[in-house]
Amino acid sequence: MNHAQRTQSEISKEQQDYLDSQKMGEIKVRLIQILIFVAFLCLWQFCSSKEIINPFIFSSPERIFICFCQMVVDKSLFRHVGLTLMETFISFFLVFSISIGFSVLLWWNQTFAHILEPYLVILNSLPKSALAPLLLVWFGATIKMILITAVSVVIFGSILNIYTGFQETDPDKIMLIRTLRGSKWHCLKLVVIPSSVPILFGVMKANIGLCLVGVIIAEFMGAKAGLGYLIIYSSQVFKLDWLLMSVILLCLMAMGLYAILGKLEKVLVR
C-alpha cells in the first residue's frame with residue numbers, strides 16, 4: 001500500500017513538473033513575442049524621428065498614439081469602432097446561423113447536396129470584392145449592403161466546410177444508432193453535431209476574421225462611418241496617421257475576436 005502511494009506520488013510530481021515546464025514554455029513564447037513587438041515600435045519611432053524614413057508617409061508610433069488620444073477625447077473614434085464591431089457581429093451571427101441550417105439540410109438530403117455542391121464551389125471561388133460594386137448599386141450605401149457584402153464573403157466557404165465536417169462523422173456510430181432504431185434526427189443530434197464541434201469552432205474562428213474583412217470592403221465602397229470609411233477617407237486627404245491607426249485597430253480587433261472564440265471553445269469543449 002505504501003509502495004503504491006509512493007508510486008502515485010512520484011507520478012503526480014512528474015506530471016506537475018511537465019505541466020510547469022509547459023507553462024514556462026508558454027510564458028517564454030509570450031515574452032519573446034512582446035519583445036519583438038516593442039523592438040519593432042522602437043525601431044519605427046527611431047527611424048521616423050531621425051528621418052531615415054519619411055515621417056509624413058510612414059508616420060510614427062508617437063504620432064499615431066497622439067492621434068488616437070485626440071479621437072478618443074472628441075469621441076469620434078468610438079463611433080467608427082462601434083459601428084464596425086456591430087456590423088461584424090451581426091454578419092458573423094448571420095453567417096453562423098445560415099451555415100448551420102444549410103449544412104444540416106445538405107446532410108439530411110444527399111440528392112439536394114449533390115445538386116447544389118458545384119454551385120457552392122463556384123460561388124465560393126468567386127472574388128467577393130467584385131460583387132461589392134454591384135451590391136452597392138442594388139442596395140445603395142446602406143447598412144444592408146454592408147451586411148450582405150460581409151455575409152457573401154464568408155457564407156459559401158462556411159457551408160462547404162461545415163457540410164464536409166458532417167460528412168466525415170464516424171459511419172460506425174451512425175450505423176449503431178440506426179441499428180437501435182434511431183431516426184436521422186437522433187443521428188444528427190447525438191453523433192453528427194457533437195463530433196463536429198471542433199470543426200464548427202475552427203470554421204467560426206476563420207469566419208470572424210473574414211466577416212471583418214467583408215465589412216471593411218463594404219465600408220470602402222459606400223459607408224459614412226466605420227474603420228473602413230476612416231481608412232479610405234484618410235488615404236484621400238493624406239491623413240496617414242488616421243490610416244495607420246485604423247489599420248492597427250483592425251489588427252487588435254481581429255486578435256481580440258479570435259481570442260474570445262478560443263476561450264469560448266475551451267469552455268464548451270471542456
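Details of the structure are given in the entry above.
Right, let's walk through the structure included here. (Residues numbered from 1 in each chain as written. Predicted model: local features only at pLDDT ≥ 70, side-chain atom pairs only at ≥ 80, totals over all residues. Heavy atoms only, no water.)

Here we take up the overall build of the chain. Along the backbone of the chain there are 12 helices and 0 strands. Sequence-ordered secondary structure for the chain, helices as α and strands as β, is α-α-α-α-α-α-α-α-α-α-α-α. Its C-alpha atoms give the chain a radius of gyration of 25 Å, more than 25% over the compact-globule value 18 Å for 270 residues. In terms of overall dimensions, the chain has C-alpha extents of about 70 × 65 × 30 Å along its principal axes. Scored against the burial criterion, the 270 residues of the chain give a buried share of 34%. Working note: accessible area of the chain is about 16,900 Å², and carbon and sulfur atoms make up 70% of it. With 22 positive and 16 negative side-chain charges, the chain shows a separation of 7 Å between the mean positions of the two kinds. (Helix = DSSP H or I, 4+ residues; strand = E, 2+ residues; numbered from the N terminus. Rg over C-alpha atoms; globule rule 2.2 N^0.38 Å. Buried < 20%, exposed > 50% of the residue type's maximum accessible area, 1.4 Å probe, protein only. Areas by Shrake-Rupley, 256 points an atom, 1.4 Å probe, with all protein chains shown as cover. Lys, Arg positive; Asp, Glu negative; His and termini not counted. Charge placed at Lys NZ, Arg CZ, Asp CG, Glu CD.)

What follows deals with the environment of S195. By secondary structure assignment, the location of S195 is in helix α9 (residues 184-195). It is 20 Å that separates the C-alpha atoms of S195 and A113, two residues lying 82 residues apart in sequence. Separated by 2.7 Å, the side chain of S195 and the backbone oxygen of V191 make a polar contact. (Polar contact = N/O pair within 3.5 Å; in protein donor to acceptor, adjacent residues only side chain to side chain.)

Let's shift gears to a nonpolar patch on the surface. Among the surface-exposed residues, M86, I90, L94, I98 and I143 lie close enough to one another that they form a single nonpolar patch of about 380 Å² accessible area. Considering every element that reaches the nonpolar patch, the biggest residue donor is helix α4 (residues 76-108), with 4 residues. Here I98 shows up in helix α4. The partly exposed category is assigned to I98, whose relative accessible area is 41%. (Patch = residues over 30% accessible without salt bridge, like charges linked within 9 Å, V, L, I, M, F, W, Y side chains within 5 Å. Salt bridge = Lys/Arg side-chain N within 4 Å of Asp/Glu carboxyl O.)

So, about the packing of helix α10 (residues 197-222) against helix α12 (residues 240-269). Packing of α10 against α12 brings their axes to within 10 Å, and their N-to-C directions diverge by 160°. Classified by the angle their axes make, α10 and α12 are roughly antiparallel. Viewed along their axes, α10 and α12 form a crossing whose handedness is right-handed. Taking contact as the criterion, the partners of V197, F201, M204, K205, I208, L212 and I216 in α10 are, on α12, L250, M253, A254, L257, Y258, L261, G262, L264, E265, L268 and V269. (Axes fitted to C-alpha atoms, helices over the stretch in contact; angles between N-to-C directions. Parallel < 35°, antiparallel > 145°, perpendicular 65-115°, else oblique. Left-handed = near helix turned anticlockwise from the far one by under 90°. Contact = heavy atoms within 4.5 Å.)

Okay, the layout of surface pockets next. In this structure, the largest pocket occupies an estimated 410 Å³ of space. Surrounding the largest pocket, 15 residues form its lining, F37, L41, I248, L249 and L252 being those nearest its centre. Contributions of two or more residues to the lining of the largest pocket are made by α1 (2-49), α3 (61-73) and α12. Counting residues per element, the lining of the largest pocket draws most heavily on α12, at 7 residues. Classifying every residue of the lining of the largest pocket by side-chain character gives 15 nonpolar, no polar and no charged. (1 Å grid on protein atoms, 1.4 Å probe; cavity = no way out; pocket = protein on both sides within 12 Å on 5 of 7 lines; lining within 4 Å. Points joined across faces, edges and corners; volume = space filled by probe spheres on them. Nonpolar A, V, L, I, M, F, W, Y, C, P; charged D, E, K, R; others polar.)

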